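Here's the letter readout for the chains.
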Amino acid sequence: EDAGIGILSANLGWADYLLTREGATAGDPAAQFQRSIKEEPDNVYAHAMWAQHLWWFPDRDAEARQHFERAVASGREREFVRSMQFGGSLSRAKLVPYAVFVANDMRLSGETMTDPYRNRLWSAAYQPYLFAIDDRSNFLAILPPEMHLATFDWLFPRSAMRPGDIPVWRYAHAVLLANAGQTARARTELEALLRDLNTDKVDGRIVDQTRRMLAELSPALKRSAVRR
């Protein structure tokens, strides 16, 4: 009975949240989520829905993440929880880093990433933050370097990329290699990319970024050679 009340309250809270988001008059979603969790402390729906609700407040990100952690820790309805996590984080620029964190958690847990979320991660996270946005330092700091690289390789095997995305994929992969300390390999991949771009007579940002990254790596390679 308590579980039934918990699920009912969670759904009532979600209904209030949707109405409030659309500007309609509704009850307080938080009150329903609180009631749900009081009846069933590990109610996965209440925690995930409450987290999504909290993301509409600019200063409550940490609280939202705690509720998502509780939802994931329950071990139940994992696909639903992931859909809530991605649904909120991939639609707001400031929350995109959280989507990368979630993807890494899925990789470590042996979960399967669906193509729609993989495509959104590419277009909203990796492609802009590793290629189109010049300051990539905050994005690279989301995960430990080797973990960042492993998650990228898991999400985006080169064989699965669309042909038009391959040059940017090669550039982004090299950036993550360099970030993980594999400087020589990163330089080799960038030099190969630049040769192929020149052969195909490609111009524009991809060429400029590749040359810039090669220039950045040169001092690092020299320091590495001196240490050896």
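For clarity, every value in this text was computed on a predicted model and none was experimentally measured.

Visitor: Help me understand the overall build of the protein chain in this model?
Guide: Along its length, the protein chain carries twelve helices and zero strands. The secondary structure elements of the protein chain, listed N-terminal to C-terminal, are α-α-α-α-α-α-α-α-α-α-α-α. By residue count, 43% of the 228 residues in the protein chain fall in the buried class. The contacts in the protein chain between residues at least 6 apart in sequence include a share of 59% that link residues at least 24 apart. Of the roughly 11800 Å² of accessible surface on the protein chain, a fraction of 52% belongs to carbon and sulfur atoms.

Visitor: What am I meant to see in helix H11 (residues 183-199) here?
Guide: Each full turn of the α-helix corresponds to 3.6 residues, which orients residues three or four apart in the same direction. Taking 1.5 Å of rise per residue, 17 residues should cover 24 Å, and H11 covers 24 Å from first to last C-alpha, within 8% of that figure. Taken together, the buried positions of H11 are Thr 183, Ala 186, Leu 190, Leu 193, Leu 194 and Leu 197. Along the long axis of H11, the arc covered by the buried residues comes to 100 degrees, so they all point the same way. Exposed and facing more than 90 degrees away from the buried side of H11 are Arg 195 and Thr 199.

Visitor: Mind showing me how you'd approach the packing of aromatic side chains here?
Guide: Each pair of aromatic rings is reported with the distance of its centres and the angle of its planes. In total, this model carries 16 aromatic pairs according to the counting rule given. Measuring from ring centre to ring centre gives 5.3 Å for Tyr 129 and Phe 139, while their planes differ by 15 degrees; the resulting arrangement is stacked. Of this pair, Tyr 129 sits in helix H7 (residues 115-132) while Phe 139 sits in helix H8 (residues 137-140), and the two are ten residues apart along the sequence. Judged by relative accessible area, Phe 139 falls into the buried class, the value being 3%. The structure contains a cluster of three or more aromatic residues connected by ring pairs, namely Trp 122, Tyr 126, Tyr 129, Phe 139, Phe 152, Phe 156 and Trp 169. Looking at Arg 60, its charged tip hangs above the ring of Phe 57, at a distance of 5.4 Å from the centre.

Visitor: What am I meant to see in the nonpolar core here?
Guide: One recurring pattern in soluble globular proteins is that nonpolar side chains are buried together. By size, the foremost hydrophobic cluster in this structure holds 65 residues, and its most contacted members are Leu 121, Tyr 126 and Phe 156. Those residues in contact with Tyr 126 that sit more than four places away from it in its chain are Val 100, Leu 121, Phe 131, Phe 139, His 148, Thr 151, Phe 152, Leu 155 and Phe 156.

Visitor: Mind showing me how you'd approach the packing of helix H3 (residues 44-54) against helix H4 (residues 61-73) here?
Guide: Their axes nearest at 8 Å, the elements H3 and H4 cross at an angle of 160 degrees. On the basis of their axis angle, the class for H3 and H4 is roughly antiparallel. Classified by chirality, the crossing of H4 by H3 is left-handed. Across the interface between the two elements, Val 44, His 47, Ala 48, Trp 50, Ala 51, Gln 52 and Leu 54 of H3 pack against Glu 63, Ala 64, His 67, Phe 68, Arg 70 and Ala 71 of H4. Split into classes, the residues belonging to the contact of H3 with H4 amount to eight nonpolar, three polar and two charged.

Visitor: How should I be thinking about unusual backbone geometry in this particular structure?
Guide: Peptide bonds are trans in most cases, and residues, glycine excluded, mostly fall at negative phi. We note that Glu 77 has phi near 50 degrees; this positive angle belongs to a residue other than glycine. Mapped onto the fold, Glu 77 is located in the loop between H4 and helix H5 (78-89). The phi torsion at Lys 201 lies on the positive side, around 55 degrees, for a residue other than glycine. With a relative accessible area of 73%, Lys 201 lands in the exposed category.

Visitor: Looking at this structure, how should I read the layout of surface pockets?
Guide: Rolled over the atoms, a probe sized like a water molecule indicates the empty space that remains. Space inside the largest pocket adds up to approximately 160 Å³. Looking at the largest pocket, the residues that line it are Arg 78, Glu 79, Arg 82, Ser 83, Phe 86, Met 106, Glu 111, Thr 112, Thr 114 and Tyr 117. For the lining of the largest pocket, a count of residues per class yields three nonpolar, three polar and four charged.

Basis of the calculations
Residue numbers restart at each chain and count upward from 1, following the sequence in its written direction. Local features in a predicted model are, by the rule used here, given only for residues with pLDDT of at least 70; side-chain atom pairs are given and counted only at 80 or more, and totals for whole chains, interfaces and linings are based on all residues. As a convention, hydrogens and water are excluded, and side-chain values are obtained from all of the structure's heavy atoms. A helix here means a DSSP run of H or I that spans at least four residues, while a strand means a run of E at least two residues long, and both kinds are numbered starting from the N terminus. Buried, partly exposed and exposed residues are distinguished by accessible area as a fraction of the type maximum, computed with a 1.4 Å probe on protein chains only: under 20%, between the cut-offs, and over 50%, respectively. By the convention used here, residues are in contact when the closest approach between their heavy atoms is within 4.5 Å. We get accessible surface area from the Shrake-Rupley algorithm with a probe of 1.4 Å; when it comes to residues, only the shown protein chains can shield them. In this scheme, a helix's expected span is set at 1.5 Å multiplied by one less than its residue total. By construction, the arc corresponds to the directions joining the helix axis to the C-beta atoms. Only centres within 6.5 Å qualify two rings of Phe, Tyr or Trp (six-membered ring in Trp) as a pair; their planes then separate them into stacked at under 30 degrees, edge-to-face at over 60, and tilted for everything else. By definition here, charges over rings are those cases where NZ of Lys or CZ of Arg is within 6 Å of the ring centre and within 35 degrees of the ring normal. Note on terminology: a nonpolar core comprises buried Ala, Val, Leu, Ile, Met, Phe, Trp, Tyr and Cys residues joined through side-chain atoms within 4.5 Å. Between the N-to-C directions of two axes lies an angle of 0 to 180 degrees, each axis being a line fitted to C-alpha atoms and, for a helix, fitted only over the stretch in contact. Just so you know how the angles are binned, under 35 degrees is roughly parallel, over 145 roughly antiparallel, 65 to 115 roughly perpendicular, and the rest oblique. What makes a crossing left-handed is the near helix being turned counterclockwise from the far one by less than a right angle; a clockwise turn instead makes it right-handed. Residues are grouped as follows: Ala, Val, Leu, Ile, Met, Phe, Trp, Tyr, Cys and Pro are nonpolar; Asp, Glu, Lys and Arg are charged; every other residue, Gly included, is polar. Here a cavity is any set of points on a 1 Å grid over the protein atoms alone where a 1.4 Å probe fits but cannot get out, and a pocket is any open set with protein on both sides within 12 Å along at least 5 of 7 lines; a residue lines the site when it has an atom within 4 Å of a point. Grid points are joined across faces, edges and corners, and a volume is the space filled by probe spheres set on the points.

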